[in-house]
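Residues per chain, in single letters:
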Amino acid sequence: MYFVVQFLSMKKLTIKDIAHHFNVSISTVSKALNDSYEISVSTKEKIQKFAKENNYKPNFNALSLKNRKTKTIGIIIPNMLNYFFAQVFKGVEKVANERGYKIISCISNESFEKESETLEMLSNGSIDGIILSMAEQTEIEKDYRHFKNTINGGIPIVMFDRVADSIDCDKIITNDFDGAVSAVQHLSKTGHKKIAFISTLSHLNIGRLRHQGYIKGLEKENIPVNTEYIINIKEDDYKEYENVLTPIFNKLDIDGVITTDESSAIAAMKVAIRKGHKVPDDFSVIAFSNGILARHSSPKLTTVSQHGEQMGAAAAERLINKLQKPKEEQQNETIVIKTDIVERKSTKPLF
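The residue numbers shown here count from 1 along each chain, following its written sequence. Restriction of local features to residues with pLDDT of at least 70 applies here, the model being predicted, together with a cutoff of 80 or more for giving and counting side-chain atom pairs; totals for whole chains, interfaces and linings are based on all residues. To get the side-chain values, all heavy atoms of the structure are used, and hydrogens and water are removed first.

Engineer: Got a minute to help me understand the sheet that holds strand E1 (residues 72-77) in this structure?
Structural biologist: By way of backbone hydrogen bonds, the strands of a sheet pair with one another, either parallel or antiparallel. Here the rule is simple: two strands pair whenever DSSP picks up at least two bridges between them. Only DSSP runs of H or I covering at least 4 residues are called helices, and only runs of E covering at least 2 are called strands; the numbering of each starts at the N terminus. If you walk across this open sheet you meet the six strands as E2-E1-E3-E4-E5-E11, and the pairing is parallel. Both edges of this open sheet fall to strand E2 (102-107) and strand E11 (334-337), since each of them pairs with a single strand only. Across the sheet, the mean angle separating the axes of adjacent strands is 15° when strand polarity is ignored. Two strands pair when backbone bridges link them, and strand E3 (residues 129-132) and strand E4 (residues 157-160) are joined in this way by three bridges, in the parallel orientation. Bridge pairing in E4 links Ile-130 to Ile-157. Contact criterion: two residues are considered in contact whenever any of their non-hydrogen atoms come within 4.5 Å of each other. To get an axis, a line is fitted to the C-alpha atoms, and for a helix only the part in contact is used. The angle between two axes follows their N-to-C directions and goes from 0 to 180 degrees. Where helix H8 (residues 145-152) meets the sheet, its contacts fall on E3 and E4, and the angle it forms with E4 comes to roughly 145°.

Here's what the structure looks like:
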């Protein structure tokens, strides 16, 4: 016992110290602490009791990756202020709690460097798998080495919303293309034919898919495509959206708008109302996502709901199921969450 008292007064107990105390290998201690069937019950009990009495805290870097399970998953989101990502996190957390897993949450702030550093930090043995949506800078630069390195290191990744097609991993996405088609058809069926498309995401794949869906929706409704009605806002500050849209709306005769986000939708409504339009009588708006702004704007926004909580739950279920299967049974797949139109006061009722 002298060894233990002397040790505790000097430094933190390590797995090597426990192995030395019992005159066994580090591998034996690791297996005992992980309750492996390969170690006898009596040996496991002795080692586990000793570790508990001496406040042993595992160093995940020192444990065998083959044997250890942290029962912890990491989630990396690009932006903490985005309500959609908050909903995804809620879905992940709900499933993780139900399945007995803890969560480490991180934010990339749309930075490739921050995303890379976070992946490296999480991959040091503190988590079993990772759920993430790509940072904006990562998607623009198309540098996916950090994803490949993480997966090659034995840490599975599930991507959601913003995904890299070239990375072989599980993906959870929404049908952005079909969502935009449905939005155009909704406006067309309620009498709007001069429908504009406003995008703040033209540099991202989800923005391009929504744009393509807008074009397809016009074709289905036999509405000619007018390139002047396709408005890409490059301004990062949402407070400037109204200033960007005002001269465009003064020039064009628009009676309906589909936007890739809620902030630009609200800006569009404000500009239209100042111009003399009545929403939704002669001007209607549909926005992607279904967040707090949509519920509290005036009038309340009709949206294309991406079902963030459902997406997060699907990502967590997929990752945890994979973690609990033998590697030879693991196969990657892409799961598509269907969007819905949530009708509120910024559009006329469909029926």
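Let's pick the thread back up.
Engineer: Help me understand the sheet that holds strand E9 (residues 284-288) in this model?
Structural biologist: What the six strands build is an open sheet, ordered E7-E6-E8-E9-E10-E12; its pairing is mixed. The open sheet has two edge strands with one neighbour each: strand E7 (230-232) and strand E12 (340-342). Adjacent strand axes in the sheet meet at a mean angle of 20° when their direction is disregarded. Pairing analysis gives three bridges linking strand E10 (residues 302-305) to E12, with the strands arranged antiparallel. Counted as the bridge partner of Thr-303 is Val-342 from E12. Running at roughly 175° to strand E6 (residues 195-199), helix H10 (residues 205-220) makes contact with E6, E7, strand E8 (256-259) and E9 of the sheet. Each of E6, E7 and E8 touches helix H11 (residues 241-251); the most contacted strand, E7, lies at about 160° to it.

Engineer: Just to check I follow, could you spell out unusual backbone geometry for this structure?
Structural biologist: Comment: phi is negative for the bulk of residues other than glycine, and the bulk of peptide bonds are trans. Note that the residue after Val-279, namely Pro-280, is joined by a cis bond; omega there is 10°. Positive phi outside glycine occurs at Lys-71, with the angle close to 55°. Partly exposed residues are those whose accessible area sits between 20% and 50% of the maximum for their type, while under 20% is buried and over 50% is exposed, using a 1.4 Å probe and protein chains only. Taking the relative accessible area as the measure of exposure, Lys-71 reaches 32% and is therefore partly exposed. With a phi close to 65°, Glu-110 is a non-glycine residue in the positive phi region. Here Glu-110 shows up in the loop between E2 and helix H6 (112-122).

Engineer: How should the nonpolar core be read in this particular structure?
Structural biologist: One broad trend across soluble globular proteins is that nonpolar side chains are buried collectively. The nonpolar core is taken to be a set of buried Ala, Val, Leu, Ile, Met, Phe, Trp, Tyr and Cys residues, with the residues joined through side-chain atoms within 4.5 Å. The biggest cluster of nonpolar side chains holds 39 residues, and the ones touching the most others in it are Tyr-214, Leu-245, Phe-249 and Val-257. For this core, the element with the highest residue contribution is helix H12 (residues 262-274), accounting for seven residues. Once you skip the residues sitting within four places of it in the chain, Val-257 turns out to touch Leu-187, Ala-196, Ile-198, Phe-249, Ala-268, Phe-283, Ser-284, Val-285 and Ile-286. Core analysis: the next-biggest nonpolar cluster, separate from the first, contains 22 residues, Ile-73, Ile-77, Phe-84 and Val-92 among them.

Engineer: Is there a simple way to explain the packing of H11 against H12 in this structure?
Structural biologist: Two packed helices can be described by the angle between their axes and the distance between those axes. Running from amino to carboxyl end, H11 crosses H12 at an angle of 45°, the nearest separation of the two axes being 9 Å. Of the possible angle classes, the one that applies to H11 and H12 is oblique. Every pair of crossing elements has a handedness; the one defined by H11 and H12 is right-handed. Across the interface between the two elements, Tyr-241, Glu-242, Leu-245, Thr-246 and Phe-249 from H11 touch Ser-263, Ser-264, Ala-267, Ala-268, Lys-270, Val-271, Ala-272 and Arg-274 from H12. The nonpolar class holds Ala, Val, Leu, Ile, Met, Phe, Trp, Tyr, Cys and Pro. Asp, Glu, Lys and Arg form the charged class, and all remaining residues, Gly among them, are polar. Considered class by class, the residues forming the contact of H11 with H12 number seven nonpolar, three polar and three charged. Just so you know how the angles are binned, under 35 degrees is roughly parallel, over 145 roughly antiparallel, 65 to 115 roughly perpendicular, and the rest oblique. Crossing handedness follows the turn of the near helix against the far one: under a right angle anticlockwise gives a left-handed crossing, and clockwise gives a right-handed one.

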